[in-house]
Each structure stands twice: as structure tokens, then as C-alpha cells.
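# Structure assessment
Listed below are the residues making up each chain.
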Amino acid sequence: MDTTEAASPRAAANQRPAGAVRRAARELALVAALFLAYKAGRVVAAGRASTALADGERVWRLERLLHLPSEAAFQQPLLAHDLLVRLANCYYAWVHFPATAICLVWLYVRHPVHYRWIRRALAALTAAALALHVLVPLAPPRMTGLTGLVDTGSRYGPAVYGSPEVDTLSNQYAAMPSLHVGWALAVAVALIVVTSGRLRWLWLAHPLVTLLVVVTTGNHYWLDAIVATVLLVLILTVLPRPLAIRRPPVVPAPAGRVRPHLVGKRRYEQRRPPRPRRPPSRASSVGGGRR
């Protein structure tokens, strides 16, 4: 018995879990690196509150010049319903990261090629956002006095952020671009690509609801979402898309075994006209009469 051949499948089976663990560790390391980069951006942005507030007023005036709808006009009807305000705050606080993580895990297991594609897009979008957060600190509309928006998180709960002076876990002066909208749109695009049918377009409800939530809760301007969308479109345009798996066309099998020579012979016999019967000869009729 050849022990080498018998041991090779077992060794391959042992290497598969090890390779999966290494790939998972590599993905976790990437997420940790992005988190550390975000923390670094928070440290760099510290002490720039006055600049961020001034930039917020500039963005507000620019939106009025562009005739964009007022964020306050969307928030006012929501403030009349405490339940809707709390639901919007909960969506902002608890859907952003879990929805993205669930989508990435599902793609990693079921569609690894598309997972790598959308992971690169998310990494590039996050890197570009961090660069803008450092270069252009921007206070959200709930902190800008010109907007007249209410901080729904602190007034109605649940609150995601504390006071900017004591909150060391988040960069509250990083409104543009909106990673909430950018990540939600990336998740929707990935799910639309890997699913089929007309209902797959319903995945766009996630970024649309996220857009309404971030605006009505006073956490982002319209321009924050527009910039995030433009960045994601540019990134997806540059990144090579995963190739679709081409399946060979299905050829229906014949009902039974066909014999070409018999089929041809039968068709020839059907097309051939019947031969006329020959009348009996005179000699045979005379001979028969004598007998």
C-alpha cells in the first residue's frame, strides 16, 4: 500500500482549516488597521472645533446656494412623533456597523470573489473619508447654530455621542463624507450584484433609509451624502469588477436513442411511391387453364 497517496488527502484536509483561519485573521487585521486609522484621525482632529464649526456654516450656506432642501424642513415633522425619533436614533446607532458586518461575513462565506471586491471598495472609501476628515474638519448640523436642527440623540435617546470635549471614542467633527451613507450604499450595491430577480433592487432601501436617518437626526448634511456617493462611484469605477461565472448552455437530451440509418431509411420509404402491381403474363394464364 502506498502510504504517500493515502496521507495526501488527510494532509490537504488538515490544511484547509488552517488556511481558513489565516484568511480570517488577515481580514480581522485589516479591520483593526482601519479602526486604528480612524482613531488616529480622531486625535489629529482634536482641538479644531472652531474650524469645524466655521466649515459647518460654510457648508450650510453652500447648500442654500445650490438650492438643496433644508435639513430642518425634514426634521421638524419627525419631532412631532417621539416614537419615530427614537426609531431613527436606534437605526443610526445600531444598524450601521451590524448590517455591514453581516453583509461582509455572508459574502466571505458564499461569494468570496465579490467579498474581496467590496472589501477593497470599503477600505478605499474609508481611507478617502479619513483623509477628508483630517483635511476638512466639519461639525455636523446638530452642532451648527445656523441650521436650527435639534440633537435628537441627546434629547430623545438613545445617544451615540457624548460631549465632544469628553468623547474620546469618536470624531464628531468628521461629518463629510458620511460613512453611514457610503457604507450602506456599498452594501446595497454588493447585494444587488450577487442576487438575482427584480426584488434585488429593494436592497437600495437600506441606503435611502440611512440617508433620511442621518439627515433628520442632525448628524449629516445632504452634501455629506453626496460626497460619499461620488467617492464610492469613483472607487467602483476604478476597481476591477469580479468576473461572472459563465455556465454552459443546457442542451436538452433526446427522448430516446436515435439510429440515423434507420431514420433515413424510414423517411426514404415514406417518400418512395408504391410500385404498381404487374398483370399476370399470358403464358401463365394459359398454362393454368390447361391444368
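Above this text you will find the structure in question.
Just so we're clear, the structure is a prediction, and the values are computed from it rather than from any experiment.

For the rest of this paragraph, the subject is empty space enclosed by the protein. To find the voids left in a structure, one rolls a probe of water-molecule size over its atoms. One pass over the full model with this rule turns up one cavity of 30 Å³ or more. As a volume, the largest cavity reaches approximately 50 Å³. Along its surface, the largest cavity is lined by Y91, Y92, V95, H96, T100, H180, A184, H206, T210, V213 and V214. Mapped by element, the contributors of at least two residues to the lining of the largest cavity are helix 4 (82-94), helix 5 (96-110), helix 8 (179-194) and helix 9 (205-216). Here the lining of the largest cavity gets four residues from one element, more than from any other, and that element is helix 9. A breakdown of the residues in the lining of the largest cavity according to their chemical character gives six nonpolar, five polar and no charged.

The terminal C-alpha atoms of helix 9, which comprises 12 residues, lie 16 Å apart, in line with the 16 Å expected from a rise of 1.5 Å per residue. Buried residues of helix 9: H206, P207, T210, V213, V214, V215 and T216, and no others. On its buried face, helix 9 is in contact with helix 3 (71-79), helix 4, helix 5, helix 7 (152-156), helix 8 and helix 10 (222-238).

With that settled, the discussion passes to the packing of aromatic side chains. Aromatic ring pairs are defined here through the distance separating the ring centres and the angle between the ring planes. Overall, the coordinates contain four aromatic pairs when judged by the stated rule. Between F97 and W183, the aromatic rings sit 5.7 Å apart at their centres with planes inclined by 90°, giving edge-to-face as the arrangement. Of the two residues, F97 is situated in helix 5 and W183 in helix 8; the sequence distance between them amounts to 86 residues. For W183, a relative accessible area of 14% puts it in the buried group. Here the aromatic rings of Y108 and Y115 are separated by 5.1 Å at their centres, their planes lie at 80°, and the arrangement is edge-to-face. The class of Y108 is partly exposed, set by a relative accessible area of 27%. Classification of Y115 as buried rests on a relative accessible area of 7%. Over the face of the ring belonging to W60 we find R64, whose NZ or CZ atom lies 4.1 Å from the ring centre.

Conventions and cut-offs
- Residues numbered from 1 in each chain as written.
- Predicted model: local features only at pLDDT ≥ 70, side-chain atom pairs only at ≥ 80, totals over all residues.
- Heavy atoms only, no water.
- 1 Å grid on protein atoms, 1.4 Å probe; cavity = no way out; pocket = protein on both sides within 12 Å on 5 of 7 lines; lining within 4 Å.
- Points joined across faces, edges and corners; volume = space filled by probe spheres on them.
- Helix = DSSP H or I, 4+ residues; strand = E, 2+ residues; numbered from the N terminus.
- Nonpolar A, V, L, I, M, F, W, Y, C, P; charged D, E, K, R; others polar.
- Expected span 1.5 Å × (residues − 1).
- Buried < 20%, exposed > 50% of the residue type's maximum accessible area, 1.4 Å probe, protein only.
- Contact = heavy atoms within 4.5 Å.
- Phe/Tyr/Trp six-rings, centres within 6.5 Å; stacked < 30°, edge-to-face > 60°.
- Lys NZ or Arg CZ within 6 Å of the ring centre and 35° of its normal.

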